[in-house]
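# What the coordinates show
Listed below, chain by chain, are the residues.
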Amino acid sequence: MGSNHSVQINIHLDRTELFYFAGETVSGTINVHINEEQIKFDEIILLLAGESGYTTTRTVTDSNGTMHRDTDYHTISFLKSRMIIESPPLGQKYLIYNPGDYSWRFDIPLPSQLPPSLNQPQSYPHVRYYLKLVIDKPWYKHNVSEFLYLTVFPRIDLLQSAHLLTPTMFSKQNRKDVTLRGSMNKLAYLPGEIITGTLEVNNPRRSLLKRIELLLTQSYKIESKTKQEKIIHTILPIVDHRNDEHIMDKFSVDIPFRLLPPSYDFHNGYDHKTHVNIHYSLEFQVKVEGTFTNFDISLPVTILSDSNTNSNSSESHQTTNFSPNSLPHYPEIDINDKTDPPPSYDSIVLPN
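As the structure is a prediction and not an experimental result, all values here were calculated from the model.

## Quick notes on the overall build of the protein
In terms of helices and strands, the protein carries 0 helices and 21 strands. For the protein, buried positions account for 49% of its 352 residues. Excluding contacts between residues fewer than 6 apart, the proportion of contacts in the protein whose partners are at least 24 apart in sequence is 71%.

The structure is reproduced here in structure tokens:
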């Protein structure tokens with residue numbers, strides 16, 4: 001709850017979670033309790049913002065001629081919806097409130113095309129969304145504000161990725177004639193799904209096959225900043241120091257059942273333009289005894305955010321429902337202050 005000695009603020013959303021799809025409406029109630037006998041405000045404003053953040057480095061030479069690297073932090077505001085909750089009536093300079101409880105409804109629609117929330121809101125790089133309520137006091141007094149982060153994903157569903165739901169085959173050979181062939185029934189998945197397929201190894205020279213590693217990697221780019229994160233890294237049991245001439249077996253691996261930003265490319269903005277690209281790859285790494293004998297096969301895969309192609313309400317993601325909303329607020333937070341980061345998106349737990 002945002003507060004000072006005279007004002008307490010509470011924002012109550014109409015749903016029990018802080019997750020929204022692009023195109024949905026963020027709605028709820030603002031509750032304000034005033035303790036003083038009488039208080040004056042210039043205006044009450046609610047802001048819904050979307051920002052991308054990234055860093056760049058530069059070489060700096062100090063007065064002693066010593067060179068060092070400095071990091072610059074950049075924030076691009078690609079979405080800023082400003083809603084005036086209440087302002088003084090015509091001919092009146094201030095809003096005047098007596099002690100008591102006051103409430104206002106709000107409804108702010110999200111655009112239908114938005115990049116997904118990415119990383120902790122106050123780490124870099126990131127994509128973040130937040131609601132901020134500001135009670136604007138006269139210039140000689142400190143404003144009171146209430147601040148909370150939202151998680152926003154674009155709706156990437158099976159209908160949009162139908163071309164990825166057909167079987168795929170792949171193969172590759174190394175300099176020792178070790179050939180890996182494989183097949184998968186699709187290349188689009190929801191978090192929590194199981195990736196399955198069949199692998200076949202032909203090894204005519206009977207080289208020692210050490211292992212086959214499987215990696216699911218998230219790669220993203222925010223403006224000029226790129227980064228990768230391993231979502232899955234496991235050793236498949238099909239090969240374990242064997243020199244068989246022919247090996248064939250099925251494999252399966254679970255995608256973590258947690259918030260994974262969907263595959264998406266966003267190069268737009270409603271306030272300022274930003275470029276955000278998130279994509280995933282599935283990689284099979286074959287380790288073979290010898291020099292320059294290892295090889296890999298990489299396949300692009302799409303991570304979806306929604307399995308329901310017909311729903312247009314918050315009920316559409318009940319199958320990936322997030323933890324009940326305890327509404328963690330951040331009163332009077334400076335969004336450029338990196339010393340006190342809010343909870344990670346990973347702390348939002350999906351129920352079994």
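## Some thoughts on the sheet that holds strand 12 (residues 168-173)
Pairing is antiparallel across the open sheet formed by 4 strands, whose spatial order is 12-13-15-18. Two strands close off the open sheet at either side, each with one partner strand: strand 12 and strand 18 (246-254). With direction set aside, neighbouring strand axes in the sheet form an average angle of 20 degrees. Where strand 15 (residues 194-202) lies against strand 18, 9 bridges are found, and the strand directions are antiparallel. Bridging across to strand 18, Val201 finds its partner in Ile247.

## Details of the side chain of Asp306
Counting through the fold element by element, Asp306 comes out in the segment after strand 21 (295-303). Side chain to side chain, Asp306 and Arg155 meet in a polar contact 2.7 Å long.

## Here we look at the nonpolar core
Counting residues in hydrophobic clusters, the biggest one holds 81 residues, and the most contacted among them are Leu131, Leu150, Met184 and Phe284. If you count residues domain by domain, this core takes at least three from each of domain 1 (7-61 + 68-153) and domain 2 (162-303).

## A word on the pairing of strand 7 (residues 67-86)
For strand 6 (residues 43-61) and strand 7, the ladder comprises 18 bridges, and the chain directions are antiparallel. For Leu46, the partnering residue across the bridge sits in strand 7 and is Met83. Taken together, strand 6 and the strand that follows it, strand 7, pair antiparallel across an intervening segment of 5 residues, in which Gly65 is found at a positive phi of about 85 degrees.

## A short note on the packing of aromatic side chains
One pass over the full model with this rule turns up 14 aromatic pairs. Look at Phe78 and Phe266: their rings are 6.0 Å apart centre to centre, the planes differ by 55 degrees, and that puts the pair in the tilted class. Of this pair, Phe78 sits in strand 7 while Phe266 sits in strand 19 (residues 264-268), and the two are 188 residues apart along the sequence. The pair Phe78 / Phe266 is uniform in exposure class, with both members buried. Members of the aromatic cluster, joined through ring pairs, are Phe41, Tyr97, Tyr102 and Trp104.

## A short note on the pattern of salt bridges
For the structure on display, the rule yields 13 salt bridges. For the salt bridge of Glu43 with Arg82, the shortest nitrogen-to-oxygen distance reads 3.5 Å. Taken as a pair, Glu43 in strand 6 and Arg82 in strand 7 lie far apart in primary sequence, 39 residues in all. Given a relative accessible area of 53%, Arg82 falls into the exposed group. Residue Arg258 pairs with Glu229 through a salt bridge whose shortest N-O separation is 3.8 Å. With Arg258 in the loop between strand 18 and strand 19 and Glu229 in strand 17 (residues 225-242), this residue pair connects regions lying 29 residues apart in the sequence.

## Some remarks on the environment of His275
In this structure, His275 sits in strand 20 (residues 274-288). Using a relative accessible area of 19% as the deciding quantity, one classes His275 as buried. With 223 residues separating them along the chain, His275 and Ser52 place their C-alpha atoms 8.7 Å apart. Sequence-distant contacts of His275, defined by excluding residues within four places in its chain, comprise Lys221, Ile222, Glu223, Asp265, Phe266 and His267. A distance of 3.2 Å separates polar atoms of two side chains, one belonging to His275 and the other to Asp265.

The rules behind each value
- Residues numbered from 1 in each chain as written.
- Predicted model: local features only at pLDDT ≥ 70, side-chain atom pairs only at ≥ 80, totals over all residues.
- Heavy atoms only, no water.
- Helix = DSSP H or I, 4+ residues; strand = E, 2+ residues; numbered from the N terminus.
- Buried < 20%, exposed > 50% of the residue type's maximum accessible area, 1.4 Å probe, protein only.
- Contact = heavy atoms within 4.5 Å.
- Pairing = 2+ DSSP bridges.
- Axes fitted to C-alpha atoms, helices over the stretch in contact; angles between N-to-C directions.
- Polar contact = N/O pair within 3.5 Å; in protein donor to acceptor, adjacent residues only side chain to side chain.
- Core = buried A, V, L, I, M, F, W, Y, C linked by side-chain atoms within 4.5 Å.
- Domains from an automatic or database assignment.
- Phe/Tyr/Trp six-rings, centres within 6.5 Å; stacked < 30°, edge-to-face > 60°.
- Salt bridge = Lys/Arg side-chain N within 4 Å of Asp/Glu carboxyl O.

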